[in-house]
Amino acid sequence: MGIFPPGARWYLAAIAVVSLLSVAMHLSIQIRAQEQAENLIHQWGEEAGINIGSVRYHLLRNGLILKNVQLERQRDSLAIAHLFIHANPKLLTGENPKIGQVEIIGFDAVVWNPEQRAAWKDDQKLLRIWQATQSLTVSNASLTLYLKDKLTPPIKLDSLSMDLKIQKAVRNISARARLAGAPVQWQWSYHDKPEKQNKWSAKGEAEWRNVDSILLTNALGLVQTDGLLSGRTNWTINNNGSTSIQGKAELSDEPNTAPSHEINWSGNQIENEWKLDVAARDWPVQLWAKSLPSFAEKTLSHALLDADLRWIQKNNNWNLSTAQAKLSKVRYADSHQTENNRHDWTWDEINLKDVWLNFSSRKMHAASITTDHSLMIFQPHQHAVRPANSSHGNRHTGYWDISADKIDVSHMTLGLATSQGKLLLPELKGYCSWSLSDKINFNLRSMQQHDETVNNQDTTQPAEWRLNGQAHYKHGAVKKSEFRLRGNHIDLALLRPFIPLQGDSNRSMGLSGESDLNLSVSITDGLWRAHGKASAADVQISHAGDTWTAKRVETRFGPVGMELDSQQIDLFNANDWHYTTALKPLPGYLPATDRKADTPHSHISWWKKKLSTSNWEIGQLNWENGRVSIGNNDATWMEQLNIQINSIKPDHWASITADGRVGQGKASLNGHWYVLSDNQRFKGRVSIDNSLPFFLHDWMFASGMPRLVRGRISAQLNIKDGEAGNSYASLVKLKLARAVTETRVSPDDPMIERTGFSTQGLLERLSQSNDIISLNFENHGDWNTQPLDLHRLGLSMQRTLQQAATGNTTDAPDTKAKPVNTEAPIIGTRIRLREEGRLSLNERIRLRSALRDLKNRSGWTLDLVPKWTGKSIDAETIKRIRYTQKMIERFARYQSLPADMIYPTWPTPKDHANEIGSIQVTLTPPRHKL
């Protein structure tokens, strides 16, 4: 201070004092202003419903810094971390606020359903603040938009920044943000006070790039659609109240790739009416599936639209129309079904003409519809019509009234699914109509095959289907449908779900053949019923080693279907049928004296289970000209077999008759059969007469017994009701005449353990003086505990054989009573072996001479002994021998010689000849003199 003169020092001191006083005054004023600002702002905040954390007033900058500002309006909320307002507190909180600049750093806003902003429109304090703001800058903000409800995920915009500028009474707002990393920006301009000279009152535009479409579809409550969405739109609100809008959106699969789908729109709103022109190119329509028609519990899950549309909305009444539209890759699915049980409906392409939809009244009409390559599988039991308030029907928009003047169908596959499988009708074409009365008339048939060439050697006829009828569509489903279904040259395996016989859990059922069918079908409230007739050719059914075939099968059935007391087959005819089952050798049972072997042996056939479980009833079964083979197809036991059964149903005795040939002998059956019982139950008579034993060869060989090479078998089985309830009494009469076995004796012969004697020993001990074995035995028991099956009959026969063998010996009195006949056999003639043709005149003359000689000899028989040549007895040799023997036997029967006098002999090694093979016609005397 020494460098300043005294006057200067006083001057400087005065300045310092004044400065200090000024600072003190400023601080005093700042403190007072801060207090006033805090009081005013907090008071204003309380009145406005705004929670303000802290207030700082900058007197020199004439600005307020507010922190931790929070406000809520209904469900909307806003949290601001830092807010700078360039305004005087008194002017900010007054009735006519004046605000220069506003800066916001960091806010989080949550807005519910921004289309309904009544809570913000009615808040006059906030509206005055907004209108008074001349400039606004927002940074580091986020905005969460709930476009639907709390169950719908929101859209969250991050890194939000916004600028507000006012130029010539026009507010210009621009904003930029990120939606899950994708850029979004928009601009908005509007007049605070629209004037007549201005053409518009507000306008704006928005742009977005590579936005994950699932975020938008989820937020809008639309069906999820994958892809990246890019586009832009702009709009203008005019002073006359009208609005114009236009825009474009593109959907691509990957970033920076050409868009796969595109949609453009332009239009305007005048008063309460919106009109939009929309051009869609492969645009996914499933976005709006919840607002579109559903069918049979199925909603649209995918479709691409190509169309120029006109959209009109007036007073909440929405209408959509187009002169022409194409839908491709269409899929309707039921999301409530599991993947295994779900059968989606698909169309490769649907073309529509002159279409209009009214979304408010839920009506749709098209002048014509053309479909190509479609698949529709119905599950009737799942499509029952439910009440309108059911949670199942059309779950989103209610039911639609649909009509179409004409529907052309091409390459359609139609199916019906059941618990057993599904029936598909492929490659159908035809036409339909859908009237305003909810009636759908349809006429479909298989398309012609055009790919056959001249050189094609395959003579198989292609399958042909015809389907015509009417369906009644109501409440989103088919209420009732009646149609005629005809099929020709249908693979029988395709009809497996509707055939009574099915495989079981352990073994499947093989099925083949070609079928024709003609039936009438009705579906009412989701339940299907049918009746009609069907035929099939070259049928084969196989199960667990058993096979049944038929050249032709014819059936007449009905009603069959769902929720019926029984499934009815009126008639089941089969011609030229053949049943083959496995050969079961005779096991080495314990001796018959062991009573443990006499336990019940119940076995329920698989086909009985299927018929009984499903309550199938057959009015009449006729099988004609059949064969039964055991072991293999050529091992025929029965032939020319005709079976007729009447009234097959659960808990019922069905009448049965059968006749045929067993070992060239007559066989017959007549009685009543309890077909669908757990155990075998039959009452009546079964007989075979003079059968040759050759059909038993494979079974005897497999069982370890020597084969019978000569003999005739006759047997009768009579079964009637027993004295007690539910019991039976049976009698078996068995006769074996002139039986001869092979000379071999096997230690594995089961008869040794069963009876104590070998097969050959039994025959020798049981033969009477005239070489006839006769056995009679009875059975009595309860059907449930002691069923009369082959097992029980076999045990009874075993005991009878043992008792007869131990009671009769070779030196029995009756065999000694008659002397042995010493007469020698006479060779009447020889007939050359052949495999075709007839007897020559010379052979007939020689045979006739031998037969006359035989008739003059009482008790003599005709033996047809083969003389074969070659190294061994092969199948071809046996075939020639049996053919020649049958030819001779037919001639002898024609000459009135009874069958019990003719005994063909099976070829054995001792019958080998060095010359030409022949049948030696031998006249054989009885063993003992008569």
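Above this note sits the structure.
Residues numbered from 1 in each chain as written. Predicted model: local features only at pLDDT ≥ 70, side-chain atom pairs only at ≥ 80, totals over all residues. Heavy atoms only, no water.

Let us look at the packing of aromatic side chains. Counted according to the given criterion, the structure contains 23 aromatic pairs. Residues Tyr332 and Trp347 carry aromatic rings whose centres are separated by 6.2 Å and whose planes lie at 85° to one another, so their mutual orientation is edge-to-face. Of this pair, Tyr332 sits in strand 15 (residues 317-333) while Trp347 sits in strand 16 (residues 345-358), and the two are 15 residues apart along the sequence. Owing to a relative accessible area of 8%, Tyr332 belongs among the buried residues under this scheme. Relative to Tyr473, the ring of Trp434 has its centre 5.0 Å away and its plane inclined at 75°; by these criteria the two rings are edge-to-face. One end of the pair, Trp434, is in strand 19 (residues 421-434); the other, Tyr473, is in strand 21 (residues 464-474), and 39 residues separate them in sequence. Each member of the pair, Trp434 as well as Tyr473, is classed as buried. Ring pairs connect the aromatic residues Phe295, Tyr332, Trp347, Trp434 and Tyr473, which therefore count as one cluster. Positioned over the ring face of Trp653 is Lys683, at 4.3 Å from the centre of the ring. (Phe/Tyr/Trp six-rings, centres within 6.5 Å; stacked < 30°, edge-to-face > 60°. Helix = DSSP H or I, 4+ residues; strand = E, 2+ residues; numbered from the N terminus. Buried < 20%, exposed > 50% of the residue type's maximum accessible area, 1.4 Å probe, protein only. Lys NZ or Arg CZ within 6 Å of the ring centre and 35° of its normal.)

The next thing to look at is unusual backbone geometry. The omega torsion across Gly558 and Pro559 is 0°, close enough to zero to call that bond cis. Looking at where Pro559 falls in the secondary structure, it is placed in strand 25 (residues 546-561). Positive phi, normally seen in glycine, also occurs at Asn726, with a value near 60°. Inspection of the secondary structure assignment puts Asn726 in the loop between strand 32 (708-721) and strand 33 (727-741).

Before going further, it helps to spend a moment on the nonpolar core. By size, the foremost hydrophobic cluster in this structure holds 157 residues, and its most contacted members are Leu66, Ile85, Trp465, Trp548 and Ile643. Ignoring anything within four residues of it in the chain, the contact list for Ile85 reads Asn62, Gly63, Leu64, Leu66, Leu92, Ile99, Gln101 and Val102. Ranked by size, the runner-up nonpolar core spans 22 residues in total, among them Ile630, Ala667, Leu763 and Leu775. (Core = buried A, V, L, I, M, F, W, Y, C linked by side-chain atoms within 4.5 Å. Contact = heavy atoms within 4.5 Å.)

A few words on the layout of surface pockets. Roughly 900 Å³ of volume is contained in the second largest pocket. Residue lining of the second largest pocket: 22 residues in total, with Asp634, Thr636, Ile878, Arg882 and Trp906 positioned closest to the centre. Tallied by class, residues from the lining of the second largest pocket come to 10 nonpolar, 5 polar and 7 charged. When residues of the lining of the second largest pocket are sorted by domain, at least three fall in each of domain 3 (539-585 + 610-808) and domain 4 (826-924). (1 Å grid on protein atoms, 1.4 Å probe; cavity = no way out; pocket = protein on both sides within 12 Å on 5 of 7 lines; lining within 4 Å. Points joined across faces, edges and corners; volume = space filled by probe spheres on them. Nonpolar A, V, L, I, M, F, W, Y, C, P; charged D, E, K, R; others polar. Domains from an automatic or database assignment.)

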